[in-house]
Amino acid sequence: MQFGIFTVGDVTTDPTTGVTPTEHERIKAAVAIATKAEEVGLDVFAHGEHHNPPFHPSSPTTLLGYVAAKTERILLSTATTLITTNDPVKIAEDYSVLQHLADGRVDLMLGRGNTGPVYPWFGRDIRDGISLAVENYALLRRLWREPVVDWEGKFRTPLQGFTLAPQPLDGVPPFVWHGSIRSPQIAEQAAFYGDGFFHNHIFWPQTHTRQMVELYRRRWEHYGHGPANTAIVGLGGQFFMRRNSQDAVREFRPYFDVAPVYGHGPSLEEFMAQTPLTVGSPQQVLERTLGFREVVGDYQRQLFLIDHAGLPLKTVLEQLDLFGEILPELRKGFAKDRPAEVPDAPTHASLVAAAEAERTVSTALPTAVDDVTGRSPYQAVEAGAKL
Amino acid sequence: MTDTVVVLTAGVGTPSSSQLLGEQLAKATQRVLAAAGKPVELVSIELRTLASDLAHQLTTHVPSPALTQVYGAVGRAVGVIVVTPVFNASYSGLFKLFFDLMDEGVMAARPVLLAATGGTARHSLVIDTAMLPLFHYLKAAIAPVGVFAATGDWGDQAGQLKARIESAARAFGQLVAERPGVTVEDEFAVGIDFENLLHGA
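Residues numbered from 1 in each chain as written. Chains lettered and ligands numbered in written order. Predicted model: local features only at pLDDT ≥ 70, side-chain atom pairs only at ≥ 80, totals over all residues.

Explain the overall build of chain A to me, please; I cannot follow it from the model alone.
For chain A, the helix and strand inventory stands at 14 helices and 13 strands. Taken over C-alpha atoms, the radius of gyration comes to 20 Å for chain A, in line with the 21 Å a tight globule of 387 residues would show. Oriented by its inertia axes, the alpha-carbon framework of chain A measures out at about 60 × 50 × 35 Å. Nonlocal contacts in chain A, meaning residues at least 24 apart in sequence, comprise 72% of its contacts between residues at least 6 apart. (Helix = DSSP H or I, 4+ residues; strand = E, 2+ residues; numbered from the N terminus. Rg over C-alpha atoms; globule rule 2.2 N^0.38 Å. Contact = placed C-beta atoms within 7 Å.)

Would you take a moment to explain the overall build of chain B for this structure?
The helix and strand tally for chain B stands at seven helices and seven strands. Starting at the N terminus, the α and β elements of chain B follow one another as β-α-β-α-α-β-β-α-β-α-β-β-α-α. Computed over the C-alpha atoms, the radius of gyration of chain B is 18 Å, within 12% of the 17 Å expected from 2.2 N^0.38 for a compact globule of 201 residues. For the C-alpha atoms alone, the extent of chain B along its principal axes is close to 65 × 40 × 30 Å. Among the 201 residues that make up chain B, the fraction classed as buried is 39%. In chain B, once contacts between residues fewer than 6 apart in sequence are set aside, the share between residues at least 24 apart is 77%. (Buried ≥ 20, exposed ≤ 12 C-beta atoms within 10 Å, placed from the backbone.)

Help me understand the interface of chain A and chain B, please; the structure alone is not making it clear to me.
For an interface, size is often stated in terms of accessible area lost upon the parts coming together. Contacts between the two partners involve 27 residues from chain A, matched on the other side by 18 residues from chain B. Secondary-structure elements contributing two or more residues to the side of chain A that touches chain B are α5 (129-145), α6 (184-193) and α7 (206-222) of chain A. Of the residues contributing to the side of chain A that touches chain B, the split by class is 14 nonpolar, nine polar and four charged. (Nonpolar A, V, L, I, M, F, W, Y, C, P; charged D, E, K, R; others polar.)

Explain the sheet that holds strand β1 (residues 2-7) of chain A to me, please; I cannot follow it from the model alone.
Sheet strands line up and pair through hydrogen bonds in the backbone, either parallel or antiparallel. Residue and element names in this part refer to chain A. Pairing is parallel in the open sheet, where nine strands are placed in the order β3-β2-β1-β13-β10-β9-β8-β5-β4. Of all strands in the sheet, those with a lone pairing partner are β3 (75-78) and β4 (81-82), marking the two edges. Relative to strand β9 (residues 196-199), strand β8 (residues 175-179) runs parallel, the two sharing three bridges. Looking at the pairing, Trp-177 lines up with Gly-196 of β9. Here helix α1 (residues 23-39) sits on the sheet in contact with β1 and β2 (44-47), set at roughly 175 degrees to β1. (Pairing = 2+ DSSP bridges. Axes fitted to C-alpha atoms, helices over the stretch in contact; angles between N-to-C directions.)

It is not clear to me how the nonpolar core should be interpreted in this structure. Could you clarify?
Nonpolar side chains tend toward joint burial in soluble globular proteins. Formed by 96 residues in total, the largest nonpolar core has its most connected members in Phe-45, Leu-76, Phe-197 and Tyr-216 of chain A. The leading source of residues in this core is α5 of chain A, at nine residues. Residue contacts for Phe-197 of chain A: discarding those within four places in its chain leaves Trp-177, His-178, Ala-187, Ala-190, Val-213, Tyr-216, Ala-231 and Val-233 of chain A. Among the nonpolar cores identified, the runner-up in size contains 50 residues, and Ala-26, Leu-114, Ala-115 and Ala-149 of chain B belong to it. (Core = buried A, V, L, I, M, F, W, Y, C linked by C-beta atoms within 7 Å.)

I'm lost on the packing of helix α2 (residues 60-70) of chain A against helix α3 (residues 88-101) of chain A in this one. Help?
Each pair of packed helices gets described by two things: the angle between the helix axes and the distance between those axes. All names here are of chain A. Between α2 and α3, the shortest axis-to-axis distance is 9 Å and the interhelical angle comes to 5 degrees. Put simply, α2 runs roughly parallel to α3. Here α2 contributes Thr-61, Leu-64, Gly-65 and Ala-68 to the contact with α3, which in turn contributes Asp-94, Tyr-95, Leu-98 and Leu-101. Residues belonging to the contact of α2 with α3 are distributed by class as follows: five nonpolar, two polar and one charged. (Parallel < 35°, antiparallel > 145°, perpendicular 65-115°, else oblique.)

Explain helix α3 (residues 65-76) of chain B to me, please; I cannot follow it from the model alone.
Two residues of an α-helix separated by three or four positions point the same way, owing to the 3.6 residues in each turn. Residues and elements named next belong to chain B. Here α3 contains twelve residues, and its C-alpha end-to-end distance of 17 Å stays within 8% of the 16 Å for a straight helix at 1.5 Å per residue. Among the residues of α3, Val-70, Val-74 and Gly-75 are the ones counted as buried. An end-on view of α3 places all buried positions within 140 degrees of arc, on one side of the element. (Expected span 1.5 Å × (residues − 1). Arc of directions from axis to C-beta.)

Can you walk me through the pairing of β3 of chain A in this structure?
Strand residues, when the strand is regular, have side chains that alternate between the two faces of the sheet. Residue and element names in this part refer to chain A. Judged by which residues are buried, β3 turns out to be covered on both faces: Leu-75 and Ser-77 on one side and Leu-76 and Thr-78 on the other are all buried. With four bridges joining them, β2 and β3 adopt parallel strand pairing. Counted as the bridge partner of Phe-45 is Leu-76 from β3. Regarding topology, α2 serves as the crossover connection from β2 to the parallel β3, and that connection is right-handed. (Right-handed = clockwise from strand over helix to strand, strands pointing away.)

See the structure below:
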């Protein structure tokens, strides 16, 4: 089980002081938060991608490349990489370079982006969101897996004789998660390829999260990647901790009340009841988080959003200290009664090992399929063949 | 499971004349359908009680459990009776908000009976000028007879309102009997053919 944090990179005024950090301060804060996350023992740091204020992270691989140099162990990911408005060729290139620089400590989470006005800036239309995600990802997979790609599609200039440079590290592409709040097509896409599925979880009642994850698990099994409980699931979450739960509520409420997205809406108490947000003591956060297993089954990755809504860097770093304190208990709790067949989230090392095993097997058994790398019998389908 | 007819009223008072009209239309519809051998259960939804949930969903996109349940009930109904008070020459904002936040396609081909209440008969065209375009846009199967009830209608000795309610219920009941609304498919229950997505994208 991996634990980590994800940030959307919003530049928001601190409502308690009226101070707005500069973009420069927020970008530097992201680095400070990432290095601190490694220091307290977290496994994953994921950064968002946005192309409009009040968000700063328009170039996630630049930021993550710098973080890679400042860290040694933590896995770098995204939340999310826009598969709709980015050129899949550029995604393949950028994340290939990042993967080399970070010695494989990279995976990525693909999302569509829900900001309508952004699409036309990149020559796209939000109404094509699903189609773009499907076509672009099908191409991205080929770019990372085939030495020479000839390709033609609806949304992009055709490719003839394209070879990706650099090739993925050790010939193994980064693991991919597909993030979606409520589009069943994306859960289907993740299941089809045997990729991971991430549910943002934080703005949404748990019943909806459960529906999406159940669909993904069921279809994972349907597509022959293994039993439903071996699918690779990630969840978002949100907390604010203080030793004393009343202090946590008192300190967080002014941020909550005017926060982007859910501010000026339901009360903190209502939102806590309806969504996974936990504002309270470390013990409360620990217990609530362990309860997520009841919603989606044993899963692989838990990320928390902890640095938004204008919370100052100092407070965020304190949150990370408290997160670090409950981390051993979280690990212990999630390990308890976890069935042996439930896998960990793939890492570069595990994917390299799986690819090597597959190479060995495939010489003897040409139809071998590897669930973990996603090298599925559907490669022919992606290439345009009918099953 | 017994078929259901949902009665959706946007009145804000208690008691509310919209709610009262909805109830009478529902009872009359139930009698019409029972006589045709198609018994239905009535599910009454007062939007007044969901006002803050609707406002929160509008701004935060988080649907409350109560709203999720109500939208589910509409999506399973064989027919829907909608009643709004007239506010400034149209349906109320609360009434519109409920349909603005509804998933696309839920009202499509679903029989709907349009009704409204207002202070005077001068508002009676609101069904034609405001409600009809909305439900036409939603592709609902609109019953041919709507009912507008002004304050004066409720004390009417000649029983004209009652007659109009009966007439609307007959037309609506016939529509429901012939072309009942079908349950909205649970998009999470069935798998999608990804091959189609890949090639038809």
